[in-house]
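# Observations on the model geometry
The primary structure of each chain is shown beneath.
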Amino acid sequence: MRDVDDSYAEYTEAFLIWMKDAGYTGHTQKSYLGDVIQFLDSLAGKKLEQVKKIHVMSYLSSVREQGVSDSTRNRKHAAINSFFKALIELEMAASNPAAGIKKSKTEKNRTPVYLDEQQLPRFLGNVEGKYRSRNLAVFLLMAYMGLRVGEVHMLNLTDYNKERHTLDVFGKGRKWRTLPVPDAVGQMLNRAIRERITPWRKQEDALFISQKGQRLSIRNIQQIAADTFARYQSDLPERQRVPYSSHKLRHSFATMLLRKGADLRTVQELLGHSSIQTTTVYTHVTSREKEEAISRLEVVLPF
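Just so you know, these numbers come straight off a predicted model, no measurement behind them. (Residues numbered from 1 in each chain as written. Predicted model: local features only at pLDDT ≥ 70, side-chain atom pairs only at ≥ 80, totals over all residues. Heavy atoms only, no water.)

What follows concerns the packing of helix H6 (residues 132-145) against helix H10 (residues 247-259). Viewed as axis vectors pointing N to C, H6 and H10 meet at an angle of 35°, and their least axial separation amounts to 6 Å. Residues Phe 139, Met 142, Ala 143, Tyr 144 and Met 145 of H6 lie in contact with H10, whose contacting residues are Leu 249, Arg 250, Phe 253 and Met 256. The class makeup of the residues in the contact of H6 with H10 is eight nonpolar, no polar and one charged. (Axes fitted to C-alpha atoms, helices over the stretch in contact; angles between N-to-C directions. Helix = DSSP H or I, 4+ residues; strand = E, 2+ residues; numbered from the N terminus. Contact = heavy atoms within 4.5 Å. Nonpolar A, V, L, I, M, F, W, Y, C, P; charged D, E, K, R; others polar.)

Next up, the structure:
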């Protein structure tokens, strides 16, 4: 991450303190701070009290022209909005020039990428290496319990209740949810805990430890998933490979539940969504299912 202009250092330091106090994850803190520093860099030394809505819009337009996705553009907007909101609360700014700017419209009807019930075992069969048990436990938590990557990263040993077969998950919005642990997932969790790497610091309570003896980072998890997906698709031509990522395992969980007839509200609770509208993206159907539905109709021609 590039250094911020000295004239803005006090503001970015205050923003970081504000985010920590508000309970933002380390991953979000890093992303938002990077976005804000990039925005401040675009101001060419302009004082914050001189920043208007047009300056924010100009910056957001420029990053879109550079080819970033609408979701990334919206994240940068959210970061700048939070930055000025923080400064107002800390009495370091009087107004928020990022407020009232519309979000970019993303593809609402895009079918989520996921693995189905036949593909998941084959994917898991490609997990290998010295830390196979740990990595399998990580993937099982996402694919069969719907955890986000950041939630897996934040798990502590004390969050898992072996006797009651439950897992306490600290999710978005600083909300806790308690999830039942399937027997097969529990077996792999127990093995991963038995084989847990000794942490570098004795007081480290993280459930998953990296080979360096620290809490397994979000980036580590994403890279392990990327490597496994690469092996999973290694026999396919490049043009046929699907852009899988660790988050797609969560998509798989939601899709499987709904296909098994689970209630949408229940799936919402299991995923930790604050709005049921977010959950409805998983109610998609495949081309095969569409064909099967139409094939049940009897077409009668008038001749």
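There's plenty left to go through after this.
Side chains of strand E2 (residues 166-170) alternate between two faces, with Leu 167 and Val 169 buried and Thr 166, Asp 168 and Phe 170 left unburied. By the bridge criterion, two bridges tie strand E1 (residues 160-161) to E2 in an arrangement that is antiparallel. Counterpart to Tyr 160 in the pairing with E2 is Leu 167. The antiparallel hairpin formed by E1 and E2 contains four residues in its connecting segment, where His 165 sits at a positive phi of about 55°. As judged from the five bridges shared by E2 and strand E3 (residues 176-180), these two strands associate in the antiparallel manner. Counted as the bridge partner of Asp 168 is Thr 178 from E3. Following E2, the chain reverses through five residues before pairing antiparallel with E3; Gly 173 in that reversal takes a positive phi of roughly 70°. (Buried < 20%, exposed > 50% of the residue type's maximum accessible area, 1.4 Å probe, protein only. Pairing = 2+ DSSP bridges.)

The next point concerns the pattern of salt bridges. This structure, assessed with the given rule, holds ten salt bridges. Linking Arg 215 and Glu 204 is a salt bridge whose minimum nitrogen-to-oxygen distance equals 3.5 Å. Taken together, the residues span a long stretch of sequence, with Arg 215 in the loop between helix H8 (183-194) and helix H9 (218-232) and Glu 204 in the loop between H8 and H9 at a distance of eleven residues. Assessed through its relative accessible area of 13%, Glu 204 is described here as buried. The network of salt bridges with common partners includes Asp 35, Arg 75 and Lys 76. (Salt bridge = Lys/Arg side-chain N within 4 Å of Asp/Glu carboxyl O.)

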